[in-house]
Amino acid sequence: MAIAAELFAEKGFHGVSIAELGAACGFSGPAIYRHFRSKDAVLAEMLVSISDELLAEGRRRVREAEDAGEALRSLIDWHVTFALDHQALIVVQDRDWASLPLEAREKVRETQRKYVEVWVKQLRAIHPDLALKPARASVHAAFGLLNSTPHSAFLERDEMRGLLADMAARALGCVVA
């Protein structure tokens with residue numbers, strides 16, 4: 001999946017052949033069909049699985065937090081790590097979304113909605129007067145900031161990590177610990 005994400009990010013989903021994908025993975029292109037029914041299925045698995053991972057880890061972090069502030073800071077930390085580690089996936093989702101099969105697109109959308117709501121719930125617990133729509137807009141804006149890493153990661157990793165976490169926490173009105 002990581003190799004496919006890098007190739008798709010570099011050349012675009014339609015710019016990568018099955019043969020090229022197989023060669024990059026160290027085997028023949030047709031060998032991919034032992035694991036996936038098509039190149040579309042590779043893209044679907046890539047984006048569905050990372051969405052599932054974001055949601056599962058987000059929920060875990062909230063469960064383990066002592067309060068909403070700690071939960072939101074932990075969510076920010078998790079998403080910063082994701083954004084720095086998976087820049088290729090961010091590019092692929094942004095650019096190749098339309099190539100995703102409809103069923104997978106709906107699954108990714110639903111999973112991402114649930115992930116947003118995990119954040120919204122914590123944000124509204126910190127800011128009880130914040131209405132639902134502005135809370136969702138705030139979370140989406142924070143994601144835009146964090147997911148800008150393919151275009152904005154000009155600093156060393158640790159420095160970028162700190163900058164992103166601080167900016168997201170401030171944008172969401174979350175006290176930085």
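Please read these numbers as outputs of a predicted model, since none were measured by experiment.

Caption draft 1: A look at a nonpolar patch on the surface. Taken together, the side chains of Phe154, Leu155, Leu163 and Met167 make up a nonpolar region of the molecular surface, amounting to roughly 390 Å² of accessible area. Residue class for Leu155 comes out partly exposed when judged on its relative accessible area of 34%.

Caption draft 2: Summary view of the environment of Ala56. Among the structural elements, Ala56 can be located in helix H3 (residues 39–64). Sequence-wise, Ala56 and Ala168 are 112 residues apart; in three dimensions their C-alpha atoms are separated by 21 Å.

Caption draft 3: Structural context of the packing of helix H6 (residues 102–126) against helix H7 (residues 132–146). At a closest axis distance of 9 Å, the pairing of H6 and H7 adopts a crossing angle of 115°. As for how H6 packs across H7, the hand of that crossing is right-handed. Contacts from Tyr115, Val116, Glu117, Trp119, Val120, Leu123 and Arg124 of H6 reach H7 at Leu132, Ala135, Arg136, Ser138, Val139, His140, Phe143 and Leu146. Here the contact of H6 with H7 is composed, by residue class, of ten nonpolar, two polar and three charged.

Caption draft 4: Up close: the packing of aromatic side chains. If you walk through the whole model with that rule in mind, you get four aromatic pairs. Ring geometry for Phe8 versus Phe13: centroids 5.2 Å apart, planes at 80°, classification edge-to-face. Of the two residues, Phe8 and Phe13, neither departs from the other in class, the shared state being buried. For the ring pair Tyr115 and Trp119, a centre distance of 6.1 Å and an interplane angle of 75° mean the geometry is edge-to-face. In this pair, Tyr115 and Trp119 are both assigned in helix H6, four residues apart and thus about one turn of the helix distant. Summarising the burial analysis for this pair, Tyr115 and Trp119 share the class buried. The ring centre of Phe13 lies 4.5 Å from the NZ or CZ of Lys39, which sits over that ring.

Caption draft 5: Highlighting the packing of helix H4 (residues 68–85) against H6. Here H4 crosses H6 at 145°, and the two axes come no closer than 8 Å. Read as a crossing pair, H4 and H6 show a hand that is left-handed. On H6, the residues touching Ala68, Gly69, Ala71, Leu72, Leu75, Ile76, Trp78 and His79 of H4 are Tyr115, Val118, Trp119, Gln122, Leu123, Ala125 and Ile126. Each residue belonging to the contact of H4 with H6 can be placed in one class, and the counts come to twelve nonpolar, three polar and no charged.

Caption draft 6: Helix H9 (residues 157–171), seen in detail. Relative to the 21 Å expected for 15 residues at 1.5 Å per residue, H9 spans 21 Å between its end C-alpha atoms, a close match to the ideal helical length. Buried within H9 we find Met160, Leu164, Ala168 and Ala169. One side of H9 carries all its buried residues, which in axial view fall inside an arc of 155°. Turned more than 90 degrees off the buried face of H9, the exposed positions are Asp158 and Arg170. The inward-facing, buried residues of H9 abut H4, H7 and helix H8 (149–152).

Caption draft 7: Representation of the environment of Ile50 in the model. Tracing the backbone shows Ile50 in helix H3. Owing to a relative accessible area of 7%, Ile50 belongs among the buried residues under this scheme. Along the sequence, Ile50 and Gln112 sit 62 residues apart, while their C-alpha atoms lie 10.0 Å from each other. Each residue touching Ile50, except ones within four places of it in the same chain, is listed here: Phe82, His86 and Leu89.

Caption draft 8: Quick peek at the side chain of Gln122. As for its placement among the helices and strands, Gln122 is situated in helix H6. Setting aside residues up to four positions removed in sequence, Gln122 forms contacts with Val62, Ala68, Ala71, Leu72 and Leu75.

Cut-off values and rules
- Residues numbered from 1 in each chain as written.
- Predicted model: local features only at pLDDT ≥ 70, side-chain atom pairs only at ≥ 80, totals over all residues.
- Heavy atoms only, no water.
- Patch = residues over 30% accessible without salt bridge, like charges linked within 9 Å, V, L, I, M, F, W, Y side chains within 5 Å.
- Areas by Shrake-Rupley, 256 points an atom, 1.4 Å probe, with all protein chains shown as cover.
- Salt bridge = Lys/Arg side-chain N within 4 Å of Asp/Glu carboxyl O.
- Buried < 20%, exposed > 50% of the residue type's maximum accessible area, 1.4 Å probe, protein only.
- Helix = DSSP H or I, 4+ residues; strand = E, 2+ residues; numbered from the N terminus.
- Axes fitted to C-alpha atoms, helices over the stretch in contact; angles between N-to-C directions.
- Left-handed = near helix turned anticlockwise from the far one by under 90°.
- Contact = heavy atoms within 4.5 Å.
- Nonpolar A, V, L, I, M, F, W, Y, C, P; charged D, E, K, R; others polar.
- Phe/Tyr/Trp six-rings, centres within 6.5 Å; stacked < 30°, edge-to-face > 60°.
- Lys NZ or Arg CZ within 6 Å of the ring centre and 35° of its normal.
- Expected span 1.5 Å × (residues − 1).
- Arc of directions from axis to C-beta.

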